[in-house]
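# Summary of structural features
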Amino acid sequence: MTKSIIITGAGRGIGRACAEAFLHDGWQVGLIGRTAAPLQELAAAHDRALALPCDVSDEVQVNAAFDRAMAAWGRIDALFNNAGVSAFGGTLDEISIEDWRRCVDINLTGSFLCARAAFAQMRQQSPQGGRIINNGSISAHAPRPGSAPYTATKHAITGLTKTIALDGRPFDIACSQIDIGNAATEMVTQIAKGVPQANGDIAPEPVMEVAHVAQSVLHIASLPLESNVQFMTVMATKMPYVGRG
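Summary of the structure given here. If you're wondering where the values come from, they're calculated on a predicted model, not measured in any experiment.

### Structural notes on unusual backbone geometry
For the bond running from Ser-126 to Pro-127, omega is 0°, close enough to zero to count as cis. As for its position among the elements, Pro-127 is in the loop between α4 (97-124) and β5 (130-135). With a phi close to 60°, Asp-172 is a non-glycine residue in the positive phi region. Mapped onto the elements of the fold, Asp-172 is located in the loop between α5 (148-168) and β6 (173-181). Not every positive phi belongs to a glycine, and Asn-182 is a case in point at roughly 60°. By the secondary structure assignment, Asn-182 is in the loop between β6 and α6 (189-193). Of the residues examined, Asn-182 reaches a relative accessible area of 5% and is grouped as buried.

### Describing the side chain of Ser-137
Structurally, the position occupied by Ser-137 is in the loop between β5 and α5. Note on Ser-137: relative accessible area 5%, which makes it buried. Of note is the side chain of Ser-137, whose polar atom sits 2.9 Å from the backbone nitrogen of Ser-139.

### Remarks on the nonpolar core
The biggest cluster of nonpolar side chains holds 41 residues, and the ones touching the most others in it are Ile-7, Phe-22, Val-29, Leu-31 and Phe-80. When neighbours within four sequence positions are excluded, Phe-22 is seen to be in contact with Ile-5, Ile-7, Trp-27, Val-29, Val-217, Leu-218 and Ala-221.

### Brief notes about the pattern of salt bridges
Side-chain pairs of opposite charge can arise whenever the charged atoms involved come near each other. Counted by the stated rule, this structure contains four salt bridges. A salt bridge links Glu-59 to Arg-116; the nearest nitrogen and oxygen atoms lie 3.6 Å apart. Of the two residues, Glu-59 is situated in helix α3 (residues 59-73) and Arg-116 in helix α4; the sequence distance between them amounts to 57 residues. Accessibility expressed as a relative area gives 43% for Arg-116, which makes it partly exposed. A salt bridge links Asp-77 to Arg-75; its shortest N-O distance comes to 2.8 Å.

### Things to note about the layout of surface pockets
The computed volume of the second largest pocket comes to approximately 190 Å³. Residues of the lining of the second largest pocket, tallied by class, amount to eight nonpolar, three polar and four charged.

### Description of the state of the cysteines
Scanning the entire structure with this criterion turns up zero disulfides. You can see Cys-54 has no disulfide; the closest cysteine sulfur is in Cys-114, sitting 6.1 Å from it. Here Cys-175 stays unpaired: no disulfide links it, and the sulfur of Cys-114, its closest cysteine neighbor, is 13 Å away. Cys-175 sits in the buried class, given a relative accessible area of 0%.

### Focus: the pairing of strand β9 (residues 231-235)
Remember that side chains alternate between the two faces of the sheet whenever the strand is regular. Burial along β9 is one-sided: the face carrying Met-232 and Val-234 is buried and the face carrying Phe-231, Thr-233 and Met-235 is not. As paired elements, β6 and β9 share five bridges and run parallel to each other. Within the sheet, the bridge partner assigned to Asp-179 lies in β9 and is Thr-233.

Reading the values: rules and limits
- Residues numbered from 1 in each chain as written.
- Predicted model: local features only at pLDDT ≥ 70, side-chain atom pairs only at ≥ 80, totals over all residues.
- Heavy atoms only, no water.
- Helix = DSSP H or I, 4+ residues; strand = E, 2+ residues; numbered from the N terminus.
- Buried < 20%, exposed > 50% of the residue type's maximum accessible area, 1.4 Å probe, protein only.
- Polar contact = N/O pair within 3.5 Å; in protein donor to acceptor, adjacent residues only side chain to side chain.
- Core = buried A, V, L, I, M, F, W, Y, C linked by side-chain atoms within 4.5 Å.
- Contact = heavy atoms within 4.5 Å.
- Salt bridge = Lys/Arg side-chain N within 4 Å of Asp/Glu carboxyl O.
- 1 Å grid on protein atoms, 1.4 Å probe; cavity = no way out; pocket = protein on both sides within 12 Å on 5 of 7 lines; lining within 4 Å.
- Points joined across faces, edges and corners; volume = space filled by probe spheres on them.
- Nonpolar A, V, L, I, M, F, W, Y, C, P; charged D, E, K, R; others polar.
- Disulfide = S-S within 2.5 Å.
- Pairing = 2+ DSSP bridges.

Right, dumping it as C-alpha cells:
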C-alpha cells in the first residue's frame, strides 16, 4: 500500500527537498504552504503530489487541507511539521511584538494545529496510527544571540513533541523531533557569510546540503510504528554547536 505524508512549508527549502525525496521514494505527498504557485508547480510534475495551499496558523484552513488529503487518499500515514519563520538580530528589548507573534503563530501554533488535525485522522483511520515529525532546531538546545522568538518556539516544540508521543501511545501514533543545524537553504544564506557568535565575533559557519536532512526525515518516517527516533540532530559537522557559547 502506498504511504502518504503531509509536509508543511513544502514550497521551498527543507520542505521542498523533503517533498521531492518522499515522492522519489514512492510516497503520496500533501504539500502545505502559504504560497500556492510552488506547490502547484511540484504537484503538476508528480501524480502523487497534492497541493494544499493554506496558512498553518489558521485552524479552518488547516482542517480543510487535511480533509482534502483524506478525501484523496483515505488515510494519512505521516506529517512533517516543517513550516517555520525566523526572527533574529535583536536583544529582547529590540524585538517587536509583531515579530514575536509571527514566530509563535507559525512555528508553534501552526505546528500544534497541523499535529492536532493529523492526530485526529490517525486516531480514527483503520488501521489506526501514524507518525508526526516536528522540525525543532539546534536552537532548541543552544540558542544564537538575539533569537528570543525563534528559540522560545523551538524549545516549545520539544514539549509538544514529548506530549504528542505520550498521548499517541494508545493509538499507535509515534512522534519524533528532528533538530537541524545549518542546512543550506535560503533561511541560512547569511550563516555562510557571517553571523554573531556568543563571544561577540561575527564569523561564517559551515553548512551542509539540504538533501541530508531530507534523507533523515525519510528514514524516520519509514520506520515501522513499533520503533521511533524520539530525537535526531542532523547538522553541519563543523558548525559551532557542541561547545557553543
